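So the chains spell out like this:
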Amino acid sequence: MTSKEEHMLRALKLAKKGLFTASPNPMVGCVITHDNKVIGQGWHKSPGENHAEINALNDVIKNLGKKSKEILKESELFVNLEPCTTFGKTPPCADSINDCQIKKVYFSNEDKAQKEFSKVYPEIKVETGLLSEEGRRLNRGFFSRIEKGRPYISCKVASALDGGIALPSGISKWITSVDSRKDVHKMRASSDAILTGTGTVLKDNPQLTSRDSGLDVDSFSQPLRVIVDRNNILTGEEKIFSSNARTILFRNVESEIQEKNNVEIAKLPANPSLPLDEVVKYLAEEKLINNLMVEAGAGIISSLLKEQLIDEIIQYKAPKLLGENRKSFTNLDVAIEKLGTIELSVIDIEELGDDIKYSLIPNY
Ligand SMILES: NC(=O)c1ccc[n+]([C@@H]2O[C@H](COP(=O)([O-])OP(=O)(O)OC[C@H]3O[C@@H](n4cnc5c(N)ncnc54)[C@H](OP(=O)(O)O)[C@@H]3O)[C@@H](O)[C@H]2O)c1
């Protein structure tokens, strides 16, 4: 690994500190070097707070005092996302970088939501694409919302060795280990929203909040709970409407469930099939959802797969057998008819107690 890559890797690690707080902004980290030595660093915590570049520049000033002005002119800046050029909640970082006359800026990924940095400040040297794959993966939710107009959609599946996600009766508590369930709660905490269907709400009556991740519950916001209830089946009394998190309900007809502080009815035009692509587009446009987690049964998961909307499947596989007539997480007959076999690329495998966690990307 070259020293430039090492600096960018450090910026990416700093960026990841914003995993639970930066959204809907991207996770960004920044490292400033002089003669190849790190003289300052910073990361972006949450919307409205300083961007990573400003925190890194302030860090240099704190570390070097009066000398910083001259040293910054001979320094290089490594940031995983193209510096912003327009006013958002804070002034453009590009202006501050230009004011300091930084020698060269390296960034991993372009920010298509912004005017190009090099067009605004053509006199500053720029190198792009350093650890770009790692940068794209880190901010996959942000890039999906900006570029595709929908969130990055990760589907969690807790299954037995034979693929079952519930007994024939529909009972699914608890197939996987305590370690896996803790990991799921972490995934919930790092997601902006969780989508489920009426089948899961009626069978499991879940709260879909993040409670048992091991993280301090005040260190992140509870994800928005998203329910698709095409036929007005739910009453509003289910745990998914509990007051400890927000819920948005997608329905076709005038809802009998009233909006209240934490419950909102989505304003989508009536459509009997309530297409899920419209739902996820609404979540990106109206709610700025970058990362959407799906915790549902075969009904919702198969519909999403058919529409090629699932970007990643996270499967927790436990050494158990649920036997004949177990419930699967896809209605594969229908999926195969439409798509042929869906092959999945394994991008990660992890052991969690006796379970195995697979991260899989569908190759549609
Ligand atoms: N192990 C796990 O990880 C896990 C996770 C979640 C659930 N589960 C299990 O999964 C089982 C429930 O499965 P399920 O398939 O009934 O639940 P589901 O996928 O949560 O809900 C399916 C229902 O959602 C509604 N829906 C709304 N929009 C839809 C669309 N575009 N496409 C398809 N359906 C849509 C349908 O009802 P309408 O036609 O009335 O709209 C459908 O019956 C339970 O036994 C639960 O325990 C297991």
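Everything below is about the structure printed above this text.
Residues numbered from 1 in each chain as written. Predicted model: local features only at pLDDT ≥ 70, side-chain atom pairs only at ≥ 80, totals over all residues.

The next thing to look at is the overall build of the chain. Assigned secondary structure in the chain consists of 12 helices and 14 strands. Relative to the compact-globule value of 21 Å for 364 residues, the chain shows a C-alpha radius of gyration of 23 Å, a close match. Counting only C-alpha atoms, the chain reaches 70 × 45 × 40 Å along its principal axes. When each of the 364 residues of the chain is scored for burial, the buried share is 42%. (Helix = DSSP H or I, 4+ residues; strand = E, 2+ residues; numbered from the N terminus. Rg over C-alpha atoms; globule rule 2.2 N^0.38 Å. Buried ≥ 20, exposed ≤ 12 C-beta atoms within 10 Å, placed from the backbone.)

If you check helix H1 (residues 3-15), its first and last C-alpha atoms are 18 Å apart, about what 13 residues at 1.5 Å a residue would give, namely 18 Å. Within H1, the full set of buried residues consists of His-7, Met-8, Ala-11, Leu-12, Leu-14 and Ala-15. Angular distribution of buried residues about the axis of H1 spans 160 degrees; they occupy a single face of the element. Against the buried residues of H1 lie strand S1 (29-34), strand S2 (37-43), helix H2 (52-64), strand S3 (76-81), strand S4 (104-109) and helix H6 (132-138). (Expected span 1.5 Å × (residues − 1). Arc of directions from axis to C-beta. Contact = placed C-beta atoms within 7 Å.)

Before going further, it helps to examine the nonpolar core. Within the largest apolar cluster, 47 residues are counted, with the highest numbers of intra-cluster contacts made by Ile-153, Leu-292, Val-294, Ile-301 and Leu-304. Counting only elements with at least two residues in this core, the list comes to strand S6 (152-160), strand S7 (193-197), strand S8 (224-228), strand S9 (247-250), helix H10 (276-287), strand S11 (291-294), helix H11 (298-306) and strand S12 (312-318). Looking at which element gives the most residues to this core, the answer is S6, with 6 residues. Counting residues in hydrophobic clusters, the runner-up holds 34 residues, among them Val-28, Trp-43, Ala-56 and Val-105. (Core = buried A, V, L, I, M, F, W, Y, C linked by C-beta atoms within 7 Å.)

Attention now moves to the site of the ligand. Around the ligand, a shell composed of 28 residues is seen, among which Gly-197, Gly-199, Gly-297, Gly-299 and Ser-303 lie nearest. If you list the elements that add at least two residues to the shell around the ligand, you get S6, S7, helix H9 (198-204) and H11. If one sorts the elements of the shell around the ligand by residue count, H9 sits on top with 5 residues. By residue class, the composition of the shell around the ligand is 12 nonpolar, 11 polar and 5 charged. (Near = placed C-beta within 6 Å. Nonpolar A, V, L, I, M, F, W, Y, C, P; charged D, E, K, R; others polar.)

Time to look at the sheet that holds strand S5 (residues 125-128). An order of S2-S1-S3-S4-S5 is seen for the 5 strands of this open sheet, with the pairing classed as mixed. A single partner strand is all that each edge strand has here, and the edge strands are S2 and S5. Recorded for the sheet is a direction-independent mean angle of 20 degrees between the axes of neighbouring strands. Direction of pairing for S1 relative to S2: antiparallel, over a ladder of 6 bridges. Residue pairing for S2: Ile-32 is matched across the bridge by Gly-40. H1 contacts S1, S2, S3 and S4 of the sheet and is inclined by roughly 145 degrees relative to S1. Of the strands in this sheet, S1, S2 and S3 touch H2, which is tilted by about 135 degrees from S2. (Pairing = 2+ DSSP bridges. Axes fitted to C-alpha atoms, helices over the stretch in contact; angles between N-to-C directions.)

Turning our eyes to something else, we now look at the sheet that holds strand S10 (residues 263-265). Taken together, the 9 strands give an open sheet; going across it, the order is S10-S9-S8-S7-S11-S6-S12-S14-S13, and neighbouring strands pair in mixed fashion. The outermost strands of the open sheet, each flanked by one partner alone, are S10 and strand S13 (343-352). If you compare each strand with its neighbour and ignore which way they point, the axes differ by 25 degrees on average. Note that S13 and strand S14 (residues 355-363) share 9 bridges and pair antiparallel. Of the residues in S14, the one forming a bridge with Asp-348 is Ser-359. Contacts from H10 reach S6, S7, S8, S9 and S11, with the element oriented near 150 degrees to S8.

Attention shifts here to the pairing of S9. The alternating pattern of S9 places Thr-247 and Leu-249 and Ile-248 and Phe-250 on opposite faces, both of which are buried. The pairing of S8 with S9 spans 4 bridges and is parallel. Bridging from a neighbouring strand, Val-228 pairs with Phe-250 of S9. Relative to S10, S9 runs parallel, the two sharing 3 bridges. Along S10, the bridge assignment pairs Ile-248 with Glu-264.

The next point concerns H11. Since the α-helix turns once every 3.6 residues, residues separated by three or four places project in the same direction. Among the 9 residues of H11, 7 are classified as buried, and the element is accordingly described as predominantly covered. Restricting attention to buried positions, one finds in H11 the residues Ala-298, Ile-300, Ile-301, Ser-302, Ser-303, Leu-304 and Leu-305. Following H11 by one or two positions, Gln-308 has its phi on the positive side, about 55 degrees.

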